[in-house]
Amino acid sequence: MKINHALQVASLLGGSIVEQQLFNAVQSLICSKVKHLTGLMISRLSNNGFGIIANLSIEDSVDVAEGLANLLDQQTITIGDHSFYPKLIIGDNNENL
């Protein structure tokens, strides 16, 4: 999964520090949502991509991904004077991660 262009906008508006703060805020939201899952690993794959590995069925994995996307859809993250509206892009198209 990856974050929409909110990170690039953050970088343009405030540089790499603001971009990292936004990424950390999104990662924190994701971790708080999935912390109850045992054996879960989350890692940053690229400047806007996450990898999540969990020992779940396909159906449960889809439910978790949809829950994360819905969680972020409801978020406004404010850093300094700017508000960002990150969204998750979920899929198996690794060439864009």
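My aim in this report is to walk through the structure given alongside it, one point at a time.

## Overview of a negative patch on the surface
On the surface, a cluster of negative charge is made up of Glu59, Asp60, Asp63 and Glu66. Checked against the element boundaries, Asp60 lands in helix 2 (residues 58–73).

## Brief notes about the environment of Glu66
Within the secondary structure, Glu66 sits in helix 2. Using a relative accessible area of 45% as the deciding quantity, one classes Glu66 as partly exposed. The spatial distance from the C-alpha of Glu66 to the C-alpha of Leu88 is 9.2 Å, given a sequence separation of 22 residues.

## Quick word on helix 2
For helix 2, which comprises 16 residues, the first-to-last C-alpha distance of 22 Å matches the rise-based estimate of 22 Å (1.5 Å per residue) to within 8%. Of the positions making up helix 2, those classed as buried are Ala65, Leu68, Ala69, Leu71 and Leu72. Down the axis of helix 2, the buried set is contained in an arc of 160°. They therefore lie on one face. Those residues of helix 2 that are buried are in contact with helix 1 (6–34), strand 3 (50–53) and strand 6 (88–89).

## Quick word on the pairing of strand 2 (residues 41–44)
Relative to strand 3, strand 2 runs antiparallel, the two sharing four bridges. When the bridges of strand 3 are listed, Ser43 appears paired with Gly51. Counting the residues between successive antiparallel strands, the hairpin from strand 2 to strand 3 contains five residues.

Thresholds, definitions, all that
- Position numbers for residues start from 1 in each chain and track the written sequence from start to end.
- In view of the model being predicted, local features appear only for residues whose pLDDT reaches at least 70, and side-chain atom pairs are presented and counted only at 80 or more, with totals across whole chains, interfaces and linings using the full set of residues.
- No hydrogens and no water enter the side-chain calculation; it runs on all heavy atoms of the structure.
- For patch detection, residues must exceed 30% relative accessible area and be free of salt bridges, and they are connected within 9 Å for like charges or within 5 Å for nonpolar side chains (Val, Leu, Ile, Met, Phe, Trp, Tyr).
- The Shrake-Rupley method, run with a 1.4 Å probe, gives the accessible areas here. Residue values count only the displayed protein chains as cover.
- Salt-bridge detection follows one rule: a side-chain nitrogen of Lys or Arg within 4 Å of a carboxyl oxygen of Asp or Glu.
- This count recognises Lys and Arg as positive and Asp and Glu as negative, with His and chain-terminal groups excluded.
- For the purpose of locating charges, the reference atoms are NZ of Lys, CZ of Arg, CG of Asp and CD of Glu.
- Helix and strand assignments come from DSSP, with helices taken as H or I runs of at least 4 residues and strands as E runs of at least 2, each series counted from the N terminus.
- Each residue is placed in one exposure class: buried if its accessible area under a 1.4 Å probe, protein chains only, is under 20% of its type's maximum, exposed if it is over 50%, and partly exposed if it falls in between.
- Here a helix's expected span is defined as the number of its residues, less one, multiplied by 1.5 Å.
- The directions from the helix axis to the C-beta atoms are what the arc is built from.
- We call two residues contacting when some pair of their heavy atoms lies within 4.5 Å.
- Strands qualify as paired when DSSP identifies two bridges or more between them.

Note that every value here comes from positions in space, so none of it alone points to a role or purpose.
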